[in-house]
Amino acid sequence: MTDAEFDDCVAGFYRAASGTFDWGAALRPMHERFRNWVTHVLALDLASGSIAFSFEVGDSSPEAFVDFAREWHRRDPRTQLALSMNEGEWLNCSRHFDENFVAHDPFFQEFMIPYGGRWVSGMKLIHEGDFVAMLALMRGVSQLPYTAAEDELAQRLARHLAQALRLYRSNAMLAGQASSGLALLANLRTPVALVDEQRQIHYANPAASALLKQGNVIGDHGGRLVCRRHHDDAELLIALRSLRLSPGAYLGEGRLPVDRACVHCALPDSHLHLNVFLQAVRPESSLGAFGRIPLAMALLHDPRQRLELDPFMVAAAFQLTPAEAQLAVRLARGETVADVAAGRRVSQETVRSQLKSVFSKTGAVQQSDLVSLLATLPAAGRTALS
């Protein structure tokens, strides 16, 4: 790597930290220079045992990350070793895990090698309180381990990456503060939060803040949206990934983004679920009303709160237009098609056409079915968005 290439790589780290560059593009030069299978920046919240943020570039499948987030990150011996090391200390797995260990270790045999990976070299970038960030350069089963010279170069780059990540953490809460749409969200009865792809909370309206403060199912943990149960927390991170708010920073680059996703968090001592409806809010399609970076609008629905039906939540649960959601709610309140048409000053035929669309999207056959679905919004949401 020439001095100019080194400088360009470092500049990419700082541009990504400022929000003007994609983390995937920032990591790509390092990834290509070391002929990696995967380049992974992973941050953990030790207090909650959850992933704080994660950026990956490479040839592994996105299913590998799903499995890693759901289970295997807690069984990774490399992670456990890195956590015991000092900040800035370098790890090369070829010097810590011999072939006998690899042959008998479940992580390597049941996860790493089947997905195509084998060698890792990396560093504990940051360790501040309960926050730990690590860099892992990984090579596949057909490649050779990293040499001492490669480790030396990678460590020089990693020191700059660590500084960039500190800036990234400190800047994360600033990106959406001047957003014009926040005043609108503040007045919603629906609990709404804006989060980025790493679950950093950029805004929570009063209703959401009150719900998150309870923290028994989902909460604000150090400025991040975190589920209490590990399974739910992993599902939340995976659902955010499906929105692909930062498309170049994850595995599975060829996959198209979706605009909506849903997570169902188990409520304690209940068969019900707290529903988290996620909607992508991209600056180019929202006039930048909620900030300059892509975010997810998280609508939180607690079925134990038997309040008046909210058209905004109904629209999110069933992917209805505002008109369709309002129609569904008014019918559930006992109004008729004629009442709605008169109130809107439109023809009954127009309202019937909208009702037909509501039936199609919700799976209801008649108005009584629709009323029943709205009365059991959690179950209906799982059917509509899963």
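Please read these numbers as outputs of a predicted model, since none were measured by experiment. (Residues numbered from 1 in each chain as written. Predicted model: local features only at pLDDT ≥ 70, side-chain atom pairs only at ≥ 80, totals over all residues. Heavy atoms only, no water.)

What about the overall build of the protein?
Regarding its fold elements, the protein presents 16 helices and 12 strands. Relative to its full complement of 386 residues, the protein shows a buried share of 52%. About 17,300 Å² of surface is accessible on the protein, with carbon and sulfur atoms providing 53% of the total. (Helix = DSSP H or I, 4+ residues; strand = E, 2+ residues; numbered from the N terminus. Buried < 20%, exposed > 50% of the residue type's maximum accessible area, 1.4 Å probe, protein only. Areas by Shrake-Rupley, 256 points an atom, 1.4 Å probe, with all protein chains shown as cover.)

Concerning the sheet that holds strand S5 (residues 131-140)
Taken in spatial order, the 5 strands make up an open sheet running S2-S1-S5-S4-S3, and their pairing is antiparallel. Each having just a single partner strand, strand S2 (50-58) and strand S3 (90-92) make up the two edges of the open sheet. In this sheet, neighbouring strand axes are inclined to one another by 15° on average, regardless of whether the strands run parallel or antiparallel. Pairing analysis gives 3 bridges linking S3 to strand S4 (residues 117-128), with the strands arranged antiparallel. Residue pairing in the sheet places Trp90 in a bridge with Met123 of S4. (Pairing = 2+ DSSP bridges. Axes fitted to C-alpha atoms, helices over the stretch in contact; angles between N-to-C directions.)

Structural notes on the packing of aromatic side chains
Counted under the stated rule, the structure contains 14 aromatic pairs. When the ring of Trp23 is compared with that of Phe55, the centres are 5.3 Å apart and the planes differ by 20°; the resulting orientation is stacked. Here the residue Trp23 occupies a position in helix H2 (residues 23-33), and Phe55 occupies one in strand S2, the gap between them amounting to 32 residues. Each member of the pair, Trp23 as well as Phe55, carries the same accessibility label: buried. Here the aromatic rings of Phe53 and Phe131 are separated by 5.9 Å at their centres, their planes lie at 45°, and the arrangement is tilted. With Phe53 in strand S2 and Phe131 in strand S5, this pair connects stretches of sequence that are 78 residues apart. Residue Phe53 is classed as buried on the basis of its relative accessible area of 4%. Of the aromatic side chains, those joined through ring pairs into one cluster are Trp72, Phe97, Phe101, Phe107, Phe108, Phe111 and Tyr115. (Phe/Tyr/Trp six-rings, centres within 6.5 Å; stacked < 30°, edge-to-face > 60°.)

Quick notes on helix H7 (residues 148-171)
Taking 1.5 Å of rise per residue, the 24 residues of H7 would be expected to cover 34 Å, and the 34 Å separating its terminal C-alpha atoms lies within 8% of that figure. Of all the positions in H7, only Glu150, Asp151, Leu153, Ala154, Gln155, Leu157, Ala158, Leu161, Ala162, Ala164, Leu165 and Tyr168 are classed as buried. (Expected span 1.5 Å × (residues − 1).)

Overview of the pattern of salt bridges
The final tally for this structure, using the stated rule, is 15 salt bridges. Residue Glu324 pairs with Lys361 through a salt bridge whose shortest N-O separation is 2.9 Å. Within this pair, whereas Glu324 is found in helix H12 (residues 322-332), its partner Lys361 is found in helix H14 (residues 348-362), the two being separated by 37 residues in sequence. You can call Glu324 buried: its relative accessible area is 7%. Using a relative accessible area of 35% as the deciding quantity, one classes Lys361 as partly exposed. In the salt-bridge network here, residues are joined through shared partners; they are Glu87, Glu128, Arg166 and Arg169. (Salt bridge = Lys/Arg side-chain N within 4 Å of Asp/Glu carboxyl O.)

A short note on the confidence of the model for the protein
Atomic detail in the predicted coordinates should be set aside for any region of low pLDDT. Here the protein shows a mean pLDDT of 83. Residues at 70 or above account for 86%. Note that residues 173-180 has pLDDT below 50 and, in this model, 15 contacts with residues that lie over four places away or in other chains. Across residues 378-386, where pLDDT falls below 50, the model places 21 contacts with residues more than four positions away in sequence or in other chains. (pLDDT = per-residue confidence, 0-100. Contact = heavy atoms within 4.5 Å.)

Examining the packing of helix H13 (residues 337-344) against H14
Contact geometry of H13 with H14 gives a least axis separation of 9 Å together with a crossing angle of 120°. The element H13 and its partner H14 pack so that their crossing is right-handed. Taken together, the residues of H14 that come into contact with H13 (itself represented by Val337, Ala338, Val340, Ala341 and Arg344) are Gln348, Val351, Arg352, Gln354 and Leu355. Residues that form the contact of H13 with H14 fall into these classes: 6 nonpolar, 2 polar and 2 charged. (Left-handed = near helix turned anticlockwise from the far one by under 90°. Nonpolar A, V, L, I, M, F, W, Y, C, P; charged D, E, K, R; others polar.)

Observations concerning the side chain of Asn92
With respect to the element layout, Asn92 can be found in strand S3. When its relative accessible area of 2% is taken as the criterion, Asn92 is described as buried. A polar atom in the side chain of Asn92 sits 2.6 Å from the side chain of Ser94. Side chain to side chain, Asn92 and Asp151 meet in a polar contact 2.9 Å long. Look past the residues within four positions of Asn92 in its chain and what remains in contact with it is Val120, Ser121, Tyr146 and Asp151. (Polar contact = N/O pair within 3.5 Å; in protein donor to acceptor, adjacent residues only side chain to side chain.)

A few points about the nonpolar core
Trp23, Phe53, Leu125 and Leu165 are the most contacted members of the largest nonpolar core, which totals 35 residues. In terms of nonpolar packing, the next biggest core, distinct from the first, is built from 31 residues, Ala315, Leu327, Ala341 and Leu355 among them. (Core = buried A, V, L, I, M, F, W, Y, C linked by side-chain atoms within 4.5 Å.)

So, the environment of Arg244
Mapped onto the elements, Arg244 comes out in the loop between helix H10 (230-243) and strand S10 (260-266). Judged by its relative accessible area of 8%, Arg244 falls in the buried class.

Topic: the sheet that holds strand S7 (residues 201-204)
Read from one edge to the other, the open sheet built from 5 strands follows the order S7-S6-S12-S11-S10, with strand pairing classed as antiparallel. The sheet is open, and its two edges are formed by S7 and S10, each paired on a single side. Here the average twist between neighbouring strands, direction ignored, is 25°. As defined by bridge partners, strand S6 (residues 192-195) adjoins strand S12 (residues 295-301) across 4 bridges and the pair is classed as antiparallel. Residue pairing for S12: Val192 is matched across the bridge by Leu299. Contacts from helix H9 (residues 206-214) reach S6, S7, strand S11 (273-281) and S12 within the one sheet, and its direction differs from that of S7 by about 110°. Across the sheet, H10 touches S6, S10, S11 and S12, and the angle it forms with S10 is around 175°.

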